[in-house]
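# Fold and contact review
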Amino acid sequence: MMQLPKEMDALVLKGVREFSIETVPVPIPDADEVICKVDTTFICGTDPHIINGDFPKFWPTGYPFIPGHEWSGTIVQTGKRASQLGWNEGDRVCGISHCGCGYCEMCLKGRYNICLNYGNEDKGHRQYGHYTPGAYAQYMRSSVKSIFKIPDDMSLEYAACVDPLSIALYTVKRSRMQPGDDILILGTGPQGLMAILCAKAMGAGRIFAAGSGERLVKAQELGAIPIDYRLEDVVEKIKDLTNGRGVPAVLECAGTSKSITQACLAVSKGGVVSVIGIPHSDPSLPLKRIVLEEVEIIGNRANPNTAQPTIELLQNKRIDLTPLMTHRFALKDFDKALDIFEKREDGAIKVATKPNGL
């Protein structure tokens, strides 16, 4: 077994918007866990909310806390059961944030993202980087239920995007979009842009993207038909482009009350609104239309069972993420990385941190 150092550098959140790089103990794996030397941890759109205390006593449940959940690395230590299950030192892996208990009704159905024991670590549930220690650290402790082996020819940095990309894939799949179907994506942040790539890979007809600024330009570069919500009425534009019918699949990736309402109006009769954005306040929904025209609204949480298909899509070059990977920083410069991510400076989309150096 590889001898690991006793201590490591980690980003420690000590309170609302209060964080620093500190020396903390290297974690020790339980039987079904591994320790990984982290290569890359990307900043997720949820991370600033966690840092800003937007989910008090939930994400995280308390301080001090190590966030970070879009990560990749190399296994350097395995627990006994992890080893028996075929995980070895030297395996290159990427991680997702959810780890279900594995025993409840939802986990047994494969819906471990909505595990009935959510938040109960004594019963085996984890959510890395949310309330379970995460990957803004030199070493990451993870259950083998939350890691995936990556191909030898895939870079670790590239693989660290599997978590967010597999969420986008889940959101597209849940819209029940069929090859040739038109699809509308509301929001051109990282999730919206990744959803464009997934919809394209799955054979969408026309991909409409509603957004603004540089990110809407990026959406167009990725193959979407742009709609600037600041200049145009999104619903009217969609009606104009579809002979008044609307589109059968709408993805809501903006997370505003207004855009969720727009999604319900832009979808066709019998269509599906697949929602990944979480609004600060509940929207007003056109319920009469939803009932009479059989519109379905589907909520999506994370990425159950889509990480492996995502790796296959990347490996087989059905999706190219390089246009979205814009910045990289050493972990010690996390404050600068976060600032660029939050202010969207210099075309920032996916901003990487390197806990073990660039």
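Each remark here, short or long, concerns the structure printed above.
These lines cover the structure that appears in this document, whether it is placed above or below. Every chain's residues receive numbers from 1 upward, in the order its sequence appears when written. Residues qualify for local features only when their pLDDT is at least 70, as the model is predicted, and side-chain atom pairs are given and counted only at 80 or more; totals for whole chains, interfaces and linings, by contrast, use all residues. For side-chain calculations, the full set of non-hydrogen atoms in the structure is used, while hydrogens and water are omitted.

### Brief notes about the environment of threonine 310
Counting through the fold element by element, threonine 310 comes out in helix α11 (residues 307-315). Partly exposed describes any residue whose relative accessible area lies between the buried limit of under 20% and the exposed limit of over 50%, with all areas from a 1.4 Å probe on protein chains only and scaled to the type maximum. Assessed through its relative accessible area of 1%, threonine 310 is described here as buried. Taking the C-alpha atoms as reference, threonine 310 lies 15 Å from serine 155; in sequence the two are 155 residues apart. Residue contacts for threonine 310: discarding those within four places in its chain leaves Val162, Leu165, Ser166 and Leu169. Think of it this way: any DSSP run of H or I at least four residues long counts as a helix, any run of E at least two long counts as a strand, and we number them from the N terminus. Pairs of residues are marked as contacts when any of their non-hydrogen atoms sit within 4.5 Å.

### Topic: the pattern of salt bridges
Close approach of charged atoms lets side chains of opposite charge pair. In the sections that follow, a salt bridge refers to a side-chain nitrogen of Lys or Arg positioned within 4 Å of a carboxyl oxygen of Asp or Glu. In this structure the tally under the stated criterion is 17 salt bridges. With its nearest N and O atoms 2.8 Å apart, the salt bridge here joins glutamate 22 to lysine 14. The shortest N-O distance in the salt bridge between glutamate 157 and lysine 354 comes to 2.9 Å. With a gap of 197 residues between them, glutamate 157 in helix α4 (residues 156-159) and lysine 354 in strand β17 (residues 350-354) connect regions that are remote in the sequence. In terms of burial, glutamate 157 and lysine 354 fall into one category: buried.

### As for a nonpolar patch on the surface
Note that patches include only residues with greater than 30% relative accessible area and no salt bridge, and the join distances are 9 Å for like charges and 5 Å for nonpolar side chains (Val, Leu, Ile, Met, Phe, Trp, Tyr). All accessibility values rest on the Shrake-Rupley procedure with a 1.4 Å probe; residue burial counts only the protein chains present in the view. On the surface, Leu287, Val291 and Leu292 cluster together to form a nonpolar patch covering roughly 340 Å² of accessible area. Secondary-structure assignment places leucine 292 in helix α10 (residues 287-292). On the basis of relative accessibility, which here comes to 67%, the residue leucine 292 falls in the exposed class.

### As for the nonpolar core
Nonpolar cores are built from buried Ala, Val, Leu, Ile, Met, Phe, Trp, Tyr and Cys residues. Side-chain atoms within 4.5 Å join them into one set. Counting 53 residues, the largest nonpolar core has Ile183, Ile196, Ile207, Leu314, Ile319, Leu321 and Leu324 as the members making the most contacts within it. Elements with a contribution of two residues or more to this core: α3 (105-108), α4, α5 (162-174), β10 (183-186), α6 (190-201), β11 (207-211), β13 (247-252) and α11. Sequence-distant contacts of isoleucine 319, defined by excluding residues within four places in its chain, comprise Tyr158, Leu165, Leu197, Cys198, Ala201, Leu313 and Leu314. Grouped together as the second largest cluster of nonpolar side chains are 19 residues, Leu186, Ile227, Ile238 and Ile290 included.

Bear in mind that shape data such as this cannot, by itself, settle questions of function.
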